[in-house]
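This is what each chain is made of:
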Amino acid sequence: MTPHYSAGVGIGWLERGGCKVIANVRGGGEYGPKWHQAALKEKRFKAYEDVEAVAADVIKRGIAKPEKLAVIGGSNGGVMVGNM
């Protein structure tokens, strides 16, 4: 996935300094069966590690402050967010 503008995020959000980062963590189907299987069952923690690594990098780069960082997810990603 390449960086792009999303009208759904909206100019108002961006003008206020907001940004949206999409983390395609292991366990999703975006990159084929190996990527999907890399975080299944006993390896589920790999998906959590990926989210934590992306959040840490966003903070390290100064894109977001820890107190302003939010995470959303749908389907199984929603379960993961609820556990984080």
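Placed above this text is the structure.
Since the model is a prediction, treat every value here as computed from it, not as a measurement.

A. The arrangement of the overall build of the protein in detail. Across its full length, the protein carries four helices and zero strands. Helices (α) and strands (β) of the protein occur, in sequence order from the N terminus, as α-α-α-α. Sorting the 84 residues of the protein into buried and exposed places 17% on the buried side. Residue pairs in contact within the protein that sit at least 24 positions apart in sequence constitute 31% of those at least 6 positions apart.

B. Structural context of a nonpolar patch on the surface. Residues I11, W13 and L14 make up a contiguous nonpolar surface patch of about 300 Å² in total accessible area. As for its placement among the helices and strands, I11 is situated in helix α1 (residues 11–15). Using a relative accessible area of 52% as the deciding quantity, one classes I11 as exposed.

C. Expanded view of helix α3 (residues 45–60). Look at α3: 22 Å from first C-alpha to last across 16 residues, which is about the 22 Å you get at 1.5 Å a residue. If you follow the buried residues of α3, they end up packed against α4 (76–83). A positive backbone phi angle near 80° is found at G62, which sits one or two residues after α3.

D. Inspection of unusual backbone geometry at higher detail. Of note, the phi angle at K41 is positive, near 50°, even though the residue is not glycine. Here K41 shows up in the loop between α2 (33–37) and α3. A relative accessible area of 75% places K41 in the exposed class.

Calculation criteria
Residues numbered from 1 in each chain as written. Predicted model: local features only at pLDDT ≥ 70, side-chain atom pairs only at ≥ 80, totals over all residues. Heavy atoms only, no water. Helix = DSSP H or I, 4+ residues; strand = E, 2+ residues; numbered from the N terminus. Buried < 20%, exposed > 50% of the residue type's maximum accessible area, 1.4 Å probe, protein only. Contact = heavy atoms within 4.5 Å. Patch = residues over 30% accessible without salt bridge, like charges linked within 9 Å, V, L, I, M, F, W, Y side chains within 5 Å. Areas by Shrake-Rupley, 256 points an atom, 1.4 Å probe, with all protein chains shown as cover. Salt bridge = Lys/Arg side-chain N within 4 Å of Asp/Glu carboxyl O. Expected span 1.5 Å × (residues − 1).

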